[in-house]
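Here are the chains, one letter per residue:
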Amino acid sequence: MERLAMEIKLKGDKAIEQIPSIKDKALRINLNENIYGTFAEIGAGQETVRHFFRAGGSSGTIAKAMSAYDKDFSDAIYGVEKDGRYVTESRLKKMLHHEVDLIEKRLDRVKHPNKMFFSYANTVATIDFAKQFKGHGWVGIKYQIEPDEDYNEIILHIRFKENDARLQQETLGILGVNLIYGAFYKYNDPKKLLRYLYDHLDKDQLEIDTINFSGPRFANVDNRLMSLQLVKNNMTDAVMFGPDGNNILPAAILYKKNILALRGSFRPVTRVNMDMYEKSLEMFLNENKVDADNTLVIFEITLSNLRSEGEIDERDFMDRAELLCSLGQYVMISNFQEYYRVVEYFSNYTKARMGLAMGVNNLIDIFDEKYYRHLSGGILEAFGKLFYRDLKVFLYPMKDEDGQVIDSENLKVHPRMKELYKFFKFNGKVVDIELVNKNNLEIYSRHVLKMIAKGTPGWEEMLPRGIAELIKKDNLFGYDPVKAVIESSK
C-alpha cells in the first residue's frame, strides 16, 4: 500500500500565511461559474484582464474587455468631464456605472439567475517620457456577492514609484487581480483585504493613498478607519478625510491652496484648540498672498501621537475623528513626526503661502537638535526645508509652572539655537497669537480626558459648544453616565 506523504514540521518553525499566486487567484475566479463581468482599462494596457486570459477558463468570467484610449471615443462612451481630465475619481465612477448598466441591460437575469455581476475599471497615467512625473491612477470594482443584492464598490487611488512604464503596467495588473480576488473572497474583513492588495508587490513599487468602501457588504465600514490602516500599514505617508467622514485624495484638495495646519492630539478637542484655530485663521487671512476662497484649514494628527500609549487604539482614534468632523473640519493622519516633513508634503501640491498654528512647547521642540540627528545637515537642513517655503508660524502662548505667560518674546530655546531663533523671529516667520481669554491657558486635554473618564464634573465648559453633548450621547473617551451621576452627587 502506498504511503501518504506527511508534511514535515520542525521545532522552531513559524506559521506562515499561504498567499495564492496571481495565477491561482485569477484561476479561482475563472472557475467560479457565477462570477461574471467586464474589464475597462485605460492608460496602461489591459494588464489586469491579461492575467485572467492566461490563467485558463476565462470565458466563464469575462463578458467583455476594452480600452477606450482615444479621448473622443472615451468621451462618447463615458461622457465629457467638466475639468477635461481623464485620470480622475469621477471618470472611474462613470466607467464603473456605465459598464454595470450595460451588463444589466445586455444579460438576461432569467437566463443567468445565479450570476454575480462585476465591473473592474482603471484609468491611469504611467511615467512620462522625461521621467519627471511618475504617474498615478484610479482603480475600482463594482460587484455583487448575491445575484439579487445591490452592488458594492471599492475605489482606490494609487501612485506609481517605479521608473519604468513597463514595470508600472505589470504592477497595476497584479494590483488589479488582488483587488478583484479580495473583493470576492475577503470582503468580510476589509482590513485584511487592504493588506492583501500588496500580495506579490512591494511598498516601493506602489503607494495607495486613498480608499473608499461602499455598498451593502460594507455598510458597517468606516472609511476613516480604513484611512488609518493605510498609514498604519505604511501604504502611504498621509491620508485625509472631510467633515462627511469620506476619504479625500490629498492631491485633489491641497492643489495650489493656501494651507493652515494645526497639529494636536485633539483628545478631546478643547476650547484652546478652537481658539488657536479661530485666531490663527483670522491672522492668516490678513496675510498678503492669502485668498480666503482658496484657503484650507487642516487638523493634523500624527501616528506617533496616536501611539502615545503603545499600540494604536482605534476606538480612541474614531472618538477624535467624530468630534473634529462634527465641527466641520478636514482631518489629516500622517507619519510625519517632524514639522518640516509636514511642510514638505504640502509643498508637493502647492507653492502658495502656508501657516502652522502651534503652542509654545511645540516650537521649543522644533529647536531641539535631537530630532534631526538622522539628517546629514542636522537642524540646519530641517530648518531649510521648513522655513525656505513661504511659511509663517502662529504661536499660541502657554503658562509655565510659575504662572508666567510664555510667548515668542520670552520663550527659551537651547543656547546654541538662540541666534537661529532670533533670526526667524526678526524676519517675521514666528508671530504671536494675541490672547483674549487667559483662562484658556488653564485647559489641558489630558486633564479633561481624566475628568471625563472619572466622571468628574466641570469638564463640559472646557470644550467647544456642542462637543460635551456629543461625548455624552455616544459615550466617547470612556464617558460613563452612571459614574458621572455618582461623582456629581458627592
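Computed from a predicted structure; not experimentally measured.

**Student:** Even after reading the chapter, I still don't get the overall build of the chain, so can you show me in this structure?
**Tutor:** Helix and strand counts for the chain stand at 18 helices and 16 strands. Put simply, the chain has 490 residues, and 51% of those count as buried. Looking at the chain alone, contacts between residues at least 24 apart form 72% of all its contacts between residues at least 6 apart. Looking at the chain as shown, the accessible area adds up to about 24,500 Å², and 49% of this sits on carbon and sulfur atoms. Treating the 69 positive side-chain charges of the chain as one cloud and the 72 negative ones as another, the clouds have centres 2 Å apart.

**Student:** Would you mind showing me how to read the environment of Asp 432 here?
**Tutor:** Positionally, Asp 432 belongs in strand 16 (residues 430-432). Taking the C-alpha atoms as reference points, Asp 432 and Val 360, separated by 72 residues in sequence, lie 9.6 Å from one another. For Asp 432, the side chain forms a polar contact with the side chain of Ser 408, separated by 2.5 Å.

**Student:** Would you mind showing me how to read helix 11 (residues 314-326) here?
**Tutor:** Note: α-helices contain 3.6 residues per turn, so residues at a spacing of three or four share the same orientation. Over its 13 residues, helix 11 extends 18 Å from the first C-alpha to the last, a length consistent with the 18 Å expected when each residue adds 1.5 Å. Judged by how many residues are buried, helix 11 sits mostly within the fold: ten of 13 residues are covered. Among the residues of helix 11, Glu 314, Asp 316, Phe 317, Met 318, Asp 319, Arg 320, Ala 321, Leu 323, Leu 324 and Cys 325 are the ones counted as buried. Where helix 11 begins, the side chain of Asp 313 points an oxygen toward the backbone nitrogen of Arg 315, at a separation of 3.1 Å.

**Student:** Can you walk me through the packing of helix 3 (residues 71-78) against helix 4 (residues 89-106) in this structure?
**Tutor:** Working note: a packed helix pair is described by the angle between its axes plus the distance between those axes. In contact at an axis separation of 10 Å, helix 3 and helix 4 are set at 60° when each is read in the N-to-C sense. As the angle between them shows, helix 3 and helix 4 are arranged oblique. Where helix 3 abuts helix 4, its residues Ser 74, Asp 75, Ile 77 and Tyr 78 lie against Arg 91, Lys 94, Met 95, His 98 and Glu 99. Partitioning the contact of helix 3 with helix 4 into residue classes produces three nonpolar, two polar and four charged.

**Student:** Explain the environment of Asp 13 to me, please; I cannot follow it from the model alone.
**Tutor:** Mapped onto the elements, Asp 13 comes out in the segment before helix 1 (22-31). Residue class for Asp 13 comes out partly exposed when judged on its relative accessible area of 49%.

**Student:** How do you make sense of the pairing of strand 10 (residues 295-302) when you look at a structure like this?
**Tutor:** Along any regular strand the residues' side chains alternate between the sheet's two faces. For strand 10, the tally of buried residues reaches eight of eight residues, placing the bulk of the element in the interior. The two faces of strand 10 match: Thr 295, Val 297, Phe 299 and Ile 301 on one face and Leu 296, Ile 298, Glu 300 and Thr 302 on the other face are all buried. Where strand 9 (residues 258-263) lies against strand 10, six bridges are found, and the strand directions are parallel. Within strand 10, the residue paired with Leu 260 across the bridge is Val 297. A crossover links strand 9 with its parallel partner strand 10, the connecting element being helix 9 (residues 271-285), and its sense is right-handed.

**Student:** Please clarify how the sheet that holds strand 7 (residues 238-241) should be interpreted in this entry.
**Tutor:** Each strand in a sheet pairs with its neighbour through backbone hydrogen bonds, running either in the same direction (parallel) or in the opposite one (antiparallel). Within the open sheet, the eight strands sit side by side as 8-7-11-10-9-12-13-16. Their pairing is mixed. Looking at the sheet topology across the chains shown, the edges are occupied by strand 8 (247-248) and strand 16. The strands touched by helix 9 within the sheet are strand 9, strand 10, strand 12 (354-359), strand 13 (391-396) and strand 16, with strand 9 carrying the most contacts at an inclination of about 160°.

**Student:** Looking at this structure, how should I read the environment of Glu 409?
**Tutor:** Mapped onto the secondary structure, Glu 409 falls in the loop between strand 15 (405-406) and helix 15 (418-426). Residues Glu 409 and Lys 450 lie 41 residues apart in sequence; the distance between their C-alpha atoms is 33 Å. Non-local contacts of Glu 409, meaning those with residues more than four positions away in its chain, are made with Lys 425 and Asp 432. At a separation of 3.2 Å, a polar atom in the side chain of Glu 409 contacts the side chain of Lys 425.

**Student:** Please clarify how the sheet that holds strand 3 (residues 116-125) should be interpreted in this entry.
**Tutor:** If you trace the six strands from one edge of the open sheet to the other, you get 2-1-3-4-5-6, paired in mixed fashion. Only two strands of the sheet have a single partner each, and these edge strands are strand 2 (62-66) and strand 6 (206-214). Along the sheet, successive strands turn relative to each other by an average axial angle of 10°, direction set aside. Note: strand 1 (residues 35-42) against strand 3, eight bridges, orientation parallel. Note that in strand 3 the partner of Ile 35 across the bridge is Met 116. Sheet strands touched by helix 5 (residues 165-185): strand 1, strand 3, strand 4 (136-143), strand 5 (152-160) and strand 6. Its angle to strand 4, the strand with the most contacts, is close to 25°.

**Student:** Would you mind going over the packing of aromatic side chains with me for this structure?
**Tutor:** Here a ring pair, both rings aromatic, is described through the centre-centre distance and the interplanar angle of the planes. On inspection of all chains with the given rule, the structure shows 23 aromatic pairs. Geometrically, the ring pair formed by Phe 39 and Phe 118 is edge-to-face, given 5.5 Å between the ring centres and 90° between the ring planes. Remark: Phe 118 occurs in strand 3 and Phe 39 occurs in strand 1; sequence separation between them is 79 residues. Assigned by exposure class, Phe 39 and Phe 118 land together as buried. Among the aromatic residues, those joined into a cluster by ring pairs are Tyr 340, Phe 367, Tyr 372, Phe 383, Phe 387, Tyr 421, Phe 423 and Phe 424.

**Student:** Just to check I follow, could you spell out helix 16 (residues 445-454) for this structure?
**Tutor:** Turning to helix 16, its buried residues number three or more, namely Ser 445, Val 448, Leu 449, Met 451 and Ile 452. Across the axial projection of helix 16, the buried residues extend over an arc of 165°, all falling on one side. Counted as exposed and oriented over 90 degrees from the buried face of helix 16: Arg 446, Lys 450 and Lys 454. Contacts from the buried residues of helix 16 go to helix 9 and helix 17 (467-474).

**Student:** Explain unusual backbone geometry to me, please; I cannot follow it from the model alone.
**Tutor:** In most cases, non-glycine residues show a negative phi, while peptide bonds are predominantly trans. A cis geometry characterises the amide bond from Arg 267 onward to Pro 268, with omega recorded as 0°. Mapped onto the secondary structure, Pro 268 falls in the loop between strand 9 and helix 9. Here the phi dihedral of Phe 266 falls at roughly 50°; this positive angle occurs in a residue that is not glycine. You can see Phe 266 is positioned in the loop between strand 9 and helix 9. Notably, Phe 477 is not glycine yet its phi reads approximately 55°, a positive angle. Structurally, the position occupied by Phe 477 is in the loop between helix 17 and helix 18 (481-488). Since its relative accessible area comes to 7%, Phe 477 is described here as buried.

**Student:** Looking at this structure, how should I read the pattern of salt bridges?
**Tutor:** Any two side chains of opposite charge can pair, given that their charged atoms come close. For the structure shown, the criterion picks out 34 salt bridges. In this structure, the salt-bridge partner of Lys 64 is Glu 99, at a minimum N-O distance of 2.6 Å. Here Lys 64, found in strand 2, pairs with Glu 99, found in helix 4; they are 35 residues apart in sequence, far enough to count as distant. Glu 300 is the salt-bridge partner of Arg 263, the closest N and O atoms lying 2.7 Å from each other. Taken together, the positions of Arg 263 in strand 9 and Glu 300 in strand 10 put the pair 37 residues apart, joining distant regions of the chain. Judged by relative accessible area, Arg 263 falls into the buried class, the value being 16%. Through salt bridges with shared partners, a single ionic network connects Glu 287, Lys 289, Arg 353, Asp 390 and Lys 392.

Rules used in this analysis
Residues numbered from 1 in each chain as written. Predicted model: local features only at pLDDT ≥ 70, side-chain atom pairs only at ≥ 80, totals over all residues. Heavy atoms only, no water. Helix = DSSP H or I, 4+ residues; strand = E, 2+ residues; numbered from the N terminus. Buried < 20%, exposed > 50% of the residue type's maximum accessible area, 1.4 Å probe, protein only. Contact = heavy atoms within 4.5 Å. Areas by Shrake-Rupley, 256 points an atom, 1.4 Å probe, with all protein chains shown as cover. Lys, Arg positive; Asp, Glu negative; His and termini not counted. Charge placed at Lys NZ, Arg CZ, Asp CG, Glu CD. Polar contact = N/O pair within 3.5 Å; in protein donor to acceptor, adjacent residues only side chain to side chain. Expected span 1.5 Å × (residues − 1). Axes fitted to C-alpha atoms, helices over the stretch in contact; angles between N-to-C directions. Parallel < 35°, antiparallel > 145°, perpendicular 65-115°, else oblique. Nonpolar A, V, L, I, M, F, W, Y, C, P; charged D, E, K, R; others polar. Pairing = 2+ DSSP bridges. Right-handed = clockwise from strand over helix to strand, strands pointing away. Phe/Tyr/Trp six-rings, centres within 6.5 Å; stacked < 30°, edge-to-face > 60°. Arc of directions from axis to C-beta. Salt bridge = Lys/Arg side-chain N within 4 Å of Asp/Glu carboxyl O.

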